[in-house]
Amino acid sequence: MEHETASNYSLKHTFLPTLSLFTSAGTLVCCALPALFVTLGAGASLASILGVAPWLGVLSRYKFYTFAISGVLIALSGVSLWHARKAPCPSDRAQALACTRLRKINVYIYFFSVGIWCIGFFFAFVAVKIFFP
């Protein structure tokens, strides 16, 4: 049976959590920040941001799909972390330390991603119903 090296572990088990962080940050940028700006009365700031980055309007138009895809990626990342939680680390002390450190970092990245996704979901779908009925 082959043991995983620290670099194999790094590539294999950090890709999904990192991807989930980027997709959840995308939901924050596309949908949550514009809703927050409008709620706070900073519509002019939002208009200038959309003038500089018009692709945000396209992402906002398809926010359901953006949140669905990012939610699936975050869920897959959680499943991956759950399955890897008791996977053996290499027997070399330095590699085992790196493996343990990467697992902790992955958990932090995952929960940070979940938090960002929840904030984005609130502002994109719930706050709109509360503040603009």
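Residues numbered from 1 in each chain as written. Predicted model: local features only at pLDDT ≥ 70, side-chain atom pairs only at ≥ 80, totals over all residues. Heavy atoms only, no water.

1. A short note on the state of the cysteines
Logical step 1: The tally for this structure, following the rule as stated, stands at one disulfide.
Logical step 2: Between the sulfur atoms of C89 and its disulfide partner C99 the distance amounts to 2.0 Å. As the torsion about the S-S bond is roughly -65°, the C89-C99 disulfide counts as left-handed. Here the residue C89 occupies a position in the loop between α4 (63–84) and α5 (93–131), and C99 occupies one in helix α5, the gap between them amounting to 10 residues.
Logical step 3: In this structure C89 comes out as partly exposed when scored by relative accessible area, which is 22%.
Logical step 4: With relative accessibility at 1%, the residue C99 sits in the buried group. (Disulfide = S-S within 2.5 Å. Helix = DSSP H or I, 4+ residues; strand = E, 2+ residues; numbered from the N terminus. Buried < 20%, exposed > 50% of the residue type's maximum accessible area, 1.4 Å probe, protein only.)

2. Describing α5
Logical step 1: Taking 1.5 Å per residue as the helical rise, α5 with its 39 residues ought to reach 57 Å, and the 55 Å between its terminal C-alpha atoms agrees with that figure.
Logical step 2: At F123, α5 shows its largest kink, close to 40°. (Expected span 1.5 Å × (residues − 1). Bend = angle between axes of the 7 residues up to and from the residue.)

3. Re a nonpolar patch on the surface
Logical step 1: A cluster of nonpolar side chains, contributed by V38, F121, F122, V126, V128, I130, F131 and F132, occupies part of the molecular surface with about 650 Å² of accessible area.
Logical step 2: Counting residues per element, the nonpolar patch draws most heavily on α5, at six residues.
Logical step 3: The topology assignment puts I130 in helix α5. (Patch = residues over 30% accessible without salt bridge, like charges linked within 9 Å, V, L, I, M, F, W, Y side chains within 5 Å. Areas by Shrake-Rupley, 256 points an atom, 1.4 Å probe, with all protein chains shown as cover. Salt bridge = Lys/Arg side-chain N within 4 Å of Asp/Glu carboxyl O.)

4. Some points on the environment of I49
Logical step 1: Among the structural elements, I49 can be located in helix α2 (residues 43–52).
Logical step 2: Judged by relative accessible area, which is 33%, I49 ranks as partly exposed.
Logical step 3: For the pair I49 and P34, spaced 15 residues apart in the sequence, the C-alpha separation amounts to 9.1 Å.

5. Thoughts on the confidence of the model for the protein
Logical step 1: Scored by pLDDT, the protein comes out at a mean of 76, with 85% of its residues at no less than 70.
Logical step 2: Per-element averaging of pLDDT across the protein places helix α1 (residues 6–39) at the bottom with 67 and α4 at the top with 85. (pLDDT = per-residue confidence, 0-100.)

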